[in-house]
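Architecture and fold: a report
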Amino acid sequence: MNNRVTNILISGVGGQGILLASEILSEVLMRAGFDVKKNEIHGMSQRGGSVISHIRYGQKVYSSIIPEGQADVLLGFELLETYRYLPLVRQGGSVLANKLQIFPPPVTLGKESYPSDIPAKIAAAFPDSSLIDGLQLAIEAGNQRTVNTVLLGALSKQIAIDDSCWQPTLRKMVPAKYLEENLKAFSLGRNL
Amino acid sequence: MERAILSGNEAIARGAYEAGVKVASAYPGTPSTEILENMVQYPTIDASWSPNEKVALEVGIGASFGGGRALVAMKHVGVNVAADPLFTLSYTGVKGGLVLVTADDPELHSSQNEQDNRNYAKFAKIPMFEPADSQEALTFTRIALETSELFDTPVMLRTTTRISHSKSVVTLQNPVTDLPEPALEKNPAKFVMLPSNARKRHPLVEERLAQLEEWACQQSFNRVEKAGGAIGVITAGVSYQYAREVLPDADILKLGMVYPLPKQLIRDFAANYDTLYVIEELDPFIEEQVLAMGIEVKGKDLFSICGELTPGRVAKSLSGQAEQPYFSHSEPLPSRPPSMCPGCPHRSVFYSLNRLKAFVTGDIGCYTLGFMEPLSAMDTCICMGASIGNATGLSKTLSAEQQRQVVAVIGDSTFLHTGINGLMDMVYNSSTATVVILDNRITAMTGRQENPTSGYTLMGADSYRVDLEQLCRAVGVRHVQVVDPYQIAATRQVLKEEMERDEVSVVIARRPCMLVKRDPVARKPALAVDVERCTGCRACLNLGCPAIEWRTTAEGKGVAHINRLFCVGCGLCQQVCHFDAVGDIHE
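The rules we used
- Residues numbered from 1 in each chain as written.
- Chains lettered and ligands numbered in written order.
- Predicted model: local features only at pLDDT ≥ 70, side-chain atom pairs only at ≥ 80, totals over all residues.
- Heavy atoms only, no water.
- Core = buried A, V, L, I, M, F, W, Y, C linked by side-chain atoms within 4.5 Å.
- Buried < 20%, exposed > 50% of the residue type's maximum accessible area, 1.4 Å probe, protein only.
- Domains from an automatic or database assignment.
- Contact = heavy atoms within 4.5 Å.
- Pairing = 2+ DSSP bridges.
- Helix = DSSP H or I, 4+ residues; strand = E, 2+ residues; numbered from the N terminus.
- Axes fitted to C-alpha atoms, helices over the stretch in contact; angles between N-to-C directions.
- Buried area = accessible area lost by both parts, 1.4 Å probe.
- Salt bridge = Lys/Arg side-chain N within 4 Å of Asp/Glu carboxyl O.
- Phe/Tyr/Trp six-rings, centres within 6.5 Å; stacked < 30°, edge-to-face > 60°.
- Right-handed = clockwise from strand over helix to strand, strands pointing away.
- Left-handed = near helix turned anticlockwise from the far one by under 90°.
- Nonpolar A, V, L, I, M, F, W, Y, C, P; charged D, E, K, R; others polar.
- Parallel < 35°, antiparallel > 145°, perpendicular 65-115°, else oblique.

1. Some details on the nonpolar core
Residues and elements named next belong to chain B. In this structure, Phe 350, Leu 353, Val 409, Phe 415, Leu 423, Val 435 and Ile 437 are the most contacted members of the largest nonpolar core, which totals 70 residues. Both of domain 3 (347-510) and domain 4 (528-583) provide at least three residues apiece to this core. The residues touching Val 435, leaving out its near neighbours within four places in the chain, are Ile 388, Ala 408, Ile 410, Leu 423, Met 426, Ser 505, Val 506 and Val 507. The next biggest cluster of nonpolar side chains, apart from the first, holds 44 residues, and it includes Ala 63, Met 128, Met 156 and Ile 234.

Laid out in structure tokens, this is it:
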């Protein structure tokens with residue numbers, strides 16, 4: 001194992017399930033034998049605000065905040081919140097964006113405007129980017145609230161962690177009542 | 001050894017458990033809240049929410065005086081509330097170990113200021129530990145409790161948001177088993193702080209500090225990490241991680257105890273370097289003490305006093321220039337401020353206060369978001385409980401006519417925290433202002449914690465539910481009205497009546513938070529806008545509901561649109577629509 005630290009960012013809107021997704025991811029990485037640090041802000045930002053979670057793993061991790069411009073992968077749960085955090089991604093980094101727009105209050109009030117053509121702008125700067133219809137796949141999985149698990153499945157392809165680390169973690173951390181649809185959602189994302 | 005990935009807060013709770021803590025108390029406050037929430041899983045700990053931080057500390061002190069180990073947790077501004085018992089506790093010392101966790105919030109992620117509570121350790125003359133990750137949060141909790149007993153002193157453990165909320169890998173151990181059983185023991189010379197007793201305790205406090213300082217030089221929580229570099233760095237807490245990240249070749253004196261400083265250790269370390277940095281967030285707390293020792297260091301002339309540090313900010317401060325990111329935006333991005341949830345019972349109160357042109361003295365909670373556009377109905381916000389006193393004082397300066405516009409708005413939990421004292425004063429000193437208690441039956445902002453109005457304890461037991469109406473009447477409020485904030489017209493009418501009344505009145509807007517986990521509020525089906533009927537008048541947008549969006553139809557007509565993923569069917573938009581355009585979804 002070399003001492004390179006891998007940096008993953010997950011961004012979106014408070015209430016989209018980013019915290020649970022990043023919890024599952026960091027548990028998986030620990031299970032895979034890495035040193036892991038994860039960082040995000042709770043509190044005010046939960047109330048529909050912009051949310052970002054940093055996950056770093058390697059042999060030894062110091063800062064839990066990803067040094068600016070050094071993220072290897074950005075997983076965005078919402079288009080604007082994907083676009084917003086692109087400056088944190090390194091050149092050649094991967095960007096996975098959920099095809100969803102949530103208009104923030106200043107846009108609804110007509111005071112500010114939602115940027116146009118975000119997927120094209122992402123693709124122009126980051127050739128290794130993809131757009132995922134998380135909601136469609138979540139509905140396919142049987143529950144529209146499993147979007148975060150679909151996206152986690154898509155992210156899992158970007159990092160070489162064995163399925164044997166993912167499955168038990170999902171079983172441990174997803175409420176039993178919703179386990180089946182979440183397992184399906186994960187596999188739909190992973191097999192995209 | 002079992003490994004787990006824990007947040008700093010979870011690790012502190014685990015550390016308390018492993019160290020045999022008997023009593024834990026707190027008032028919720030970001031970023032400290034999860035400490036007590038995570039105590040509940042350990043059956044050997046009696047964990048409780050107190051109505052405020054002062055009570056929480058007093059409960060901890062009582063437990064300590066009985067001989068049990070105690071942990072008390074609060075956010076940084078909570079220590080201001082608990083400062084009165086804290087400073088005298090420094091004189092009495094402890095019996096069972098007592099740790100006060102202060103969770104500071106550099107960058108004001110969720111706070112009204114970014115005070116640096118390391119100053120409290122110096123001010124109250126007590127030791128303070130500062131962990132740099134979750135493993136240290138766990139270990140230092142145990143060491144802090146042992147230090148408390150060893151030196152007969154309360155001990156502070158300081159985290160910052162990035163420590164409290166970051167997760168990292170820790171090793172779990174079994175709890176200690178050989179602690180003495182708590183029992184009554186009279187010792188008035190130590191525990192009764194009359195002037196004659198307290199006078200004798202003060203020199204002991206000073207001696208204790210001197211002993212601690214010397215002891216700290218020998219302890220492994222203060223350590224030197226040699227990289228063989230030409231640069232020396234003194235640092236502590238989360239700043240240590242950034243220093244390691246940015247200066248991999250520097251030698252580092254990593255302090256686990258930030259007060260009192262291990263002066264001899266610092267002297268010995270500093271002697272090796274021509275260039276010595278102190279890297280710390282907020283105040284030049286370590287820097288000033290090192291400078292006072294006659295040692296030259298670089299610190300706040302490079303690193304900002306305001307805001308938190310990050311690896312990038314540390315690098316920029318050291319090199320004098322920021323690294324250009326690969327990608328930067330060529331257009332302005334819309335902000336995404338937090339807002340009240342769809343179905344939030346606070347919304348219609350602020351909507352009405354806006355319409356009634358009230359001057360609102362606000363308070364601390366989710367409802368502080370009533371400040372945001374378009375509700376725009378909050379004019380002051382200082383600290384927990386301040387709304388009521390602020391309204392009293394404001395009224396004293398105003399004409400009779402303007403006095404009627406003054407409305408204090410406060411949540412149920414904040415009212416019991418320190419608002420009730422203000423209400424007593426309001427009646428006692430004949431204020432005429434109106435108080436609105438937003439009673440959503442939970443401490444919502446910090447993530448839905450129980451409180452004395454909710455009817456449940458932290459441990460989940462049923463409990464007495466404070467009767468707010470009776471409480472207000474008992475302090476002398478003659479006009480107490482209860483409204484359902486989902487009824488906009490009725491709510492507005494009552495607010496209007498009470499604002500016009502030249503006497504103290506209390507309006508209780510009662511409806512549970514949409515997000516309460518126990519007895520969840522039944523969500524109604526999402527509503528929809530009839531595009532034919534919608535005239536595009538934008539009246540519904542004035543509610544500031546995140547579920548209501550603005551769309552343009554194929555014909556180019558602007559209409560309201562309800563996002564069914566967010567709508568909980570509260571019906572407020574139906575009530576403000578003049579054209580009957582909002583209704584159930586027909587499919």
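Now, onward.
2. Section: the sheet that holds strand S11 (residues 251-255) of chain B
Residue and element names in this part refer to chain B. Taken in spatial order, the four strands make up an open sheet running S9-S11-S10-S13, and their pairing is mixed. Of all the strands in the sheet, just strand S9 (223-225) and strand S13 (275-279) have a single pairing partner and so form its edges. Taken pair by pair, the neighbouring strands of this sheet meet at an average axis angle of 20°, ignoring direction. Sheet topology places strand S10 (residues 231-236) next to S13; five bridges connect them, and they run parallel. Bridge pairing in S13 places Ile 231 opposite Thr 275. With respect to the sheet, helix H12 (residues 285-292) is in contact with S10, S11 and S13, its orientation differing from that of S10 by roughly 125°.

3. Considering the side chain of His 346 of chain B
Residues and elements named next belong to chain B. You can see His 346 is positioned in the loop between helix H13 (311-319) and helix H14 (347-355). Residue classification places His 346 among the buried positions, given a relative accessible area of 4%. With sequence-adjacent residues up to four places away left out, His 346 is seen in contact with Met 340, Cys 366, Tyr 367, Leu 438 and Asn 440.

4. Thoughts on the sheet that holds strand S16 (residues 434-439) of chain B
Residue and element names in this part refer to chain B. Strands sit in the order S14-S15-S16-S18-S17 across an open sheet of five strands; the sheet is parallel. Of all strands in the sheet, those with a lone pairing partner are strand S14 (359-361) and strand S17 (479-483), marking the two edges. Neighbour-to-neighbour, the strand axes of the sheet open up by a mean angle of 25°, direction not taken into account. Examined bridge by bridge, S17 and strand S18 (residues 505-510) share five bridges and lie parallel to one another. Paired with Val 480 across the strands is Val 506, a residue of S18. In the packing of helix H19 (residues 488-500) onto the sheet, contacts are made with strand S15 (406-411), S16, S17 and S18, and the angle to S17 comes to roughly 165°.

5. Considerations on the interface of chain A and chain B
In this complex, chain A contributes 56 residues to the contact, which on the side of chain B involves 52 residues. Regarding the contact of chain A and chain B, the summed buried area is about 5,000 Å², with carbon and sulfur atoms giving 58% of it. The interface formed by chain A and chain B includes six salt bridges. Among the salt bridges present, the one from Glu 373 of chain B reaches Lys 111 of chain A, with a minimum N-O distance of 3.1 Å.

6. Structural notes on the packing of aromatic side chains
By the definition in use, this model includes 17 aromatic pairs over all chains. Here Phe 103 of chain A and Tyr 114 of chain A contribute two aromatic rings whose centre-to-centre distance is 5.2 Å and whose plane-to-plane angle is 80°, an arrangement assigned as edge-to-face. In this pair, Phe 103 of chain A sits in the loop between strand S5 (89-98) and helix H3 (105-108) while Tyr 114 of chain A sits in the loop between H3 and helix H4 (118-125), placing the two residues 11 residues apart along the sequence. Residue classification places Phe 103 of chain A among the partly exposed positions, given a relative accessible area of 22%. When the centroid spacing of 4.0 Å and the interplanar angle of 35° are considered together, the rings of Phe 65 of chain B and Phe 191 of chain B count as tilted. Taken together, the positions of Phe 65 of chain B in helix H3 (residues 53-66) and Phe 191 of chain B in helix H8 (residues 188-191) put the pair 126 residues apart, joining distant regions of the chain.

7. Brief notes about the pairing of S10 of chain B
Residue and element names in this part refer to chain B. Most of S10 sits inside the fold, with five of its six residues counted as buried. Pairing of S10 with S11, which is carried by five bridges, proceeds in the parallel orientation. Within S11, the position partnered with Ile 234 by the bridge is Leu 253. You can see the chain leave S10, run along helix H10 (residues 238-246) and come back into S11, and the turn it takes is right-handed.

8. Here we look at the packing of helix H1 (residues 18-31) of chain A against helix H6 (residues 147-156) of chain A
All names here are of chain A. The geometry of H1 relative to H6 is characterised by a closest axis approach of 9 Å and an angle of 40° between their N-to-C directions. Seen from above, H1 lies across H6 with right-handed handedness. In this structure, H1 uses Leu 20, Ala 21, Ile 24 and Leu 25 to contact H6, whose residues at the interface are Asn 148, Leu 152 and Leu 155. A per-class count over the contact of H1 with H6 returns six nonpolar, one polar and no charged.

9. Looking at unusual backbone geometry
All names here are of chain B. Here Thr 30 and Pro 31 are connected by a cis peptide whose omega angle stands at 10°. Looking at the secondary structure, you find Pro 31 in the loop between strand S2 (23-26) and helix H2 (34-37). A cis amide bond, omega 0°, links Glu 373 with the succeeding residue Pro 374. Tracing the sequence through the fold places Pro 374 in the loop between S14 and helix H15 (386-397). The phi dihedral of Lys 125 is positive, around 60°, even though this residue is not glycine. With respect to the secondary-structure elements, Lys 125 resides in the loop between helix H5 (118-124) and strand S6 (128-129). In this model, Arg 441 sits at a positive phi of 65°, which is unusual for a non-glycine residue.

10. Remarks on the packing of H3 of chain B against helix H4 (residues 76-92) of chain B
Residue and element names in this part refer to chain B. Between H3 and H4, whose axes approach to 7 Å, the crossing angle comes to 25°. Considering the angle they form, H3 stands roughly parallel to H4. The interaxial crossing formed by H3 with H4 has right-handed handedness. Counting all contacts with H3, which are made through Glu 53, Lys 54, Leu 57, Glu 58, Ile 61 and Phe 65, the residues of H4 involved are Gly 78, Val 81, Ala 82, Asp 84, Pro 85, Leu 86, Leu 89 and Thr 92. Within the contact of H3 with H4, the residues separate by chemical class into eight nonpolar, two polar and four charged.

11. Points about the domain arrangement of chain B
Along its sequence, chain B is carved into domain 1 (3-216), domain 2 (223-319), domain 3 (347-510) and domain 4 (528-583). In this structure, domain 2 of chain B and domain 3 of chain B have C-alpha centres spaced 46 Å apart.

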